[in-house]
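# Analysis of the macromolecular model
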Amino acid sequence: MLFSQSCSLNCLVFAILLCVLLTVNHGMTVNTDTNVPFPWDKMRLPETVKPQHYELLIHPNLTSLTFTGVVQILIKVEQDTRAIILHSKNLQISKAQLLESRHHHDLQISEFEANEQIALFADGFTFEKGNHLVHLEFYANLSDSFHGFYKGRYTTNSGEVRMLASTQFEATHARAAFPCFDEPAFKANFTIRVRRESRHISISNMPKLRTVELSDGLLEDHFDTTVKMSTYLVAFIICDFHSISKKSQHGIEISVYTVPDKISQAEYALNTAVTLLDFYDEYFDIPYPLPKHDLAAIPDFQSGAMENWGLSTYRESGLLFDSEKSSSSDKLGITKVIAHELAHQWFGNLVTMQWWNDLWLNEGFAKFMEYVSVNITHPELQVDDYFLEKCFTAMSVDSLISSHPISTPVENPAEISEMFDDVSYRKGACILNMLRDFLTPEAFKYGLIDYLKRHSYQNTVNADLWESLTNICTSDGLDSGRLKLDGFCSKKKAESPASKWFMEDSVDVRAIMDTWTLQEGFPLVTVEVRGQEVILKQERYLKGEKSSKTTSASSFLWQVPLTYVTSHSRAVQRFLLKTEQDVLYLSEKVEWIKFNVDLRGYYIVHYESGGWDALINQLQRDHTVFSSNDRASLIHDIFQLVSIEKVPLDKALNLSLYLSKESEIMPVTQGFNELVPLYKLMEKRNMEELENQMKGHLVKLFKTLIDRQRWSDDGSVSERMLRNYLLLFACVRRYPSCVSTATELFQKWKDSDGKLRLPADVSLVVYTEGARTDEGWDFLLEKYKRSASPSEKWMIKAALAYTPLTHKLQWLLERSIEGEIMKTQDLPSLVVTVSKNPKGFKLAWEFMKTNWGKLVKKFDLGSSAISRMAVGVTDQYSTREMLDEVQTFFGSLAQDQGSGLRSIQQALEKIQQNILWMDRNVPLLKAWLDSQSITES
């Protein structure tokens, strides 16, 4: 029905266009008046002029690497105005006219570059209330960056370089491709035409209706009109890609597009997309509203993927699966990325946040739905094993003073770009998971469906979601469609003990969730058991100096949905902590109590008065009493408590000793995540003796598990991913049996000229060992150049970056900034990988400093790529000398080079934390390691 409404609007638009096109004077040129004061002084556009429909013609020239365009925008003026304000960036506008049924007005343009805005006006003319049609002609260069309408290239298997042009408009780059109202709330319909040469094809959001041959031999593709949507979701690609297609159960044509040489790697993505789109169609009880969905693998692509409506775009490594060379980790990653982008077709595209301050309503939901969908559609991937790692990552950022609320004010493009971070994505997903557990999965699902149905094709704020989740049983939004509540509400009232905190009148979803979205950080819940009483206290968990912590953390209060199990009962118990302190009562005395069951909540727990000792004793006696996620969360929490001096380091290290008996992926990898950074800090200081002592301890701790690993692709996905992790660690630490096997396999692979099939899950280990010599490194580089497998190229790149050969690392960095050997899109991850290399961290820092200006220009100020480098290159420094050096460099930057970026503040905070940690704990660590050596001897 909503789609039919947009068709009715299209008929009206075409009628108006037909009238006005007969009267356009194509000889007029624009008058750009730079002396007239710009009539608007705000970053946000006026709300009194709204676009209804865009008729867009775009014509890229892939020889001159330029493009021309024409856009006609039907606007609705709600209040008389002397000027129309809209966005434009780096576009040369050659004509601007107001088209009316009988005549036209030539318009002047005033440009405000700082705000990326233009004003359209005419002397003595007023745009009166009602509909108007604006005609603009423009031209520009295809962008050299990875956003806007940008150029790309790839090399065929035969060595031919071919060009393409594609788009990446989120968040504020549609304005660099055509003049538009480039804010998410200005939704409109788009009718797109693309001119091209016959050797290319074009694809866009909607199906192609027809292709018209023009007199100059060019072809013009006409696409169907889109549904009502935001500008950042518009997409068009001009290329020579090939595709494969398949219909979903609901009749949607799904296609995967790739460069011709890689089309054989598209089948897994196609089948996965069909399965997931059908899942979402059923889960949300809202049919996917477009007739097709394309997934395109773009050779040059900065982001992981982009959810353009009807045409999602991906890195090649995020979409293409080579059954011979891709690992189990690759398959899991590709499946999750596709699940994320297809979830956006509902969360983000159908229902869109009002403004970028609530970006998490898009990204947090898509990240969360990755796990919900893949857990059901691909249970063999065991995706649930990896959810809690997202929460730990979010907490590491959210524990800083420089963190921000999930919903936080932003205005300019750099601030908006910085919202695409771990807080919006990962914390957003984690608090949604907590809310789902709190409301029950069934109630949560019904609330989401109500939210989507109630706000389809509209924009929302936080409160709209909370309203739908609060009023599930009184909403009329679930009456339509396939879904029926099937007595859910009456059933829940009868079963209140199972989820009593939801059905009680006192529960207010908005009041609870505002404490999680409108303030930064997360709670540290302190637990003290006194007989059958459990004393609970909450405060903000905040790393840093005590003096600053005491004042800034005291005003924070959350409503925390606590879950717990005890030594006497594995049944999950619940308690809603609303105040700074409270007491819960147990039915009997217990040996231990474990809160935050399976990390369902976004908080960490400190157990006072012997609480940690009891848990450590239980882990040593029988760790399987706790779930693998609970074991991982215990490891995580106790080491975080060391950082704020709530727990001494030796107690955390004593807990970690149980890992010698551990075999599950999440506790093992979390153990590595807490213990490996201890010696990584030492690698960047002159502490070789203690560093080697710590490395030796870790090899002994995991020796039994390492020795059990087979050099094959056998086992479950989690077992295979753990195998790669353990063997890579063992070889890097020069564990003899690992080194000898990896060396032997590399030599056989090299002798076969790379034709020998290595087990995909250990290929990275073999390549990393081979890259330790000049000859092996050079051989790997040649294979990298010739490989058509994104998975294989990624593994070889990582191996090349972790070589101990500093001259190779220097050469690799220099060539990558030029885009000669490795694509520039891979540069941020390359720089960060080299920075983790004990032989390369100084090179990475000097490289980033020297090339900072180029990096900001290429990757965009505030982008996740810039943030990853700023933090990733520096986050293992732990000396005051390096802190001063980092502060001096970033402090010397101008505003337009990033001096005010949040990521720079995060980088400095992390170094300060490292200094504090080392000052407090190095003597304790040495004493503990010495005591272990005595015990073992």
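Residues numbered from 1 in each chain as written. Predicted model: local features only at pLDDT ≥ 70, side-chain atom pairs only at ≥ 80, totals over all residues. Heavy atoms only, no water.

## Considering the pattern of salt bridges
According to the stated counting rule, one finds 63 salt bridges in the structure shown. Arg426 is the partner of Glu389 in a salt bridge, and the nearest nitrogen-oxygen pair spans 3.8 Å. Of the two residues, Glu389 is situated in helix 5 (residues 387–398) and Arg426 in helix 7 (residues 422–439); the sequence distance between them amounts to 37 residues. On the basis of relative accessibility, which here comes to 26%, the residue Glu389 falls in the partly exposed class. (Salt bridge = Lys/Arg side-chain N within 4 Å of Asp/Glu carboxyl O. Helix = DSSP H or I, 4+ residues; strand = E, 2+ residues; numbered from the N terminus. Buried < 20%, exposed > 50% of the residue type's maximum accessible area, 1.4 Å probe, protein only.)

## Details of the environment of Phe847
As for its position among the elements, Phe847 is in helix 27 (residues 841–850). When neighbours within four sequence positions are excluded, Phe847 is seen to be in contact with Leu813, Glu814, Ile817, Leu827 and Val831. (Contact = heavy atoms within 4.5 Å.)

## Quick look at the sheet that holds strand 15 (residues 219–223)
Across the sheet, 8 strands lie side by side as 6-5-9-3-2-12-15-14; this open sheet has mixed pairing. Among the strands making up the open sheet, the edge pair consists of strand 6 (104–106) and strand 14 (208–213). Averaged over all pairs of adjacent strands, the angle between their axes in this sheet comes to 20 degrees, without regard to strand direction. Relative to strand 3 (residues 66–77), strand 2 (residues 49–61) is paired through 12 bridges, and the arrangement is antiparallel. Each bridged residue has a counterpart across the sheet, and for Pro51 the counterpart in strand 3 is Ile75. (Pairing = 2+ DSSP bridges. Axes fitted to C-alpha atoms, helices over the stretch in contact; angles between N-to-C directions.)

## Digging into the nonpolar core
Phe178, Phe236 and Phe595 are the most contacted members of the largest nonpolar core, which has 308 residues in total. Here Phe595 is in contact with Val527, Val534, Leu536, Leu562, Thr563, Tyr564, Leu584, Tyr603, Val605 and Tyr607, once residues within four sequence places are set aside. (Core = buried A, V, L, I, M, F, W, Y, C linked by side-chain atoms within 4.5 Å.)

## Topic: the state of the cysteines
Considering all chains together, one arrives at 2 disulfides under this definition. A sulfur-sulfur separation of 2.1 Å characterises the disulfide bridge that pairs Cys391 with Cys430. Across the S-S bond of Cys391 and Cys430 the torsion is about -110 degrees, and the bridge reads as left-handed. In this pair, Cys391 is assigned in helix 5 and Cys430 in helix 7, connecting sequence segments 39 residues apart. Across the pair, exposure class does not vary: Cys391 and Cys430 are buried alike. (Disulfide = S-S within 2.5 Å.)

Worth remembering: the numbers are spatial, not functional.
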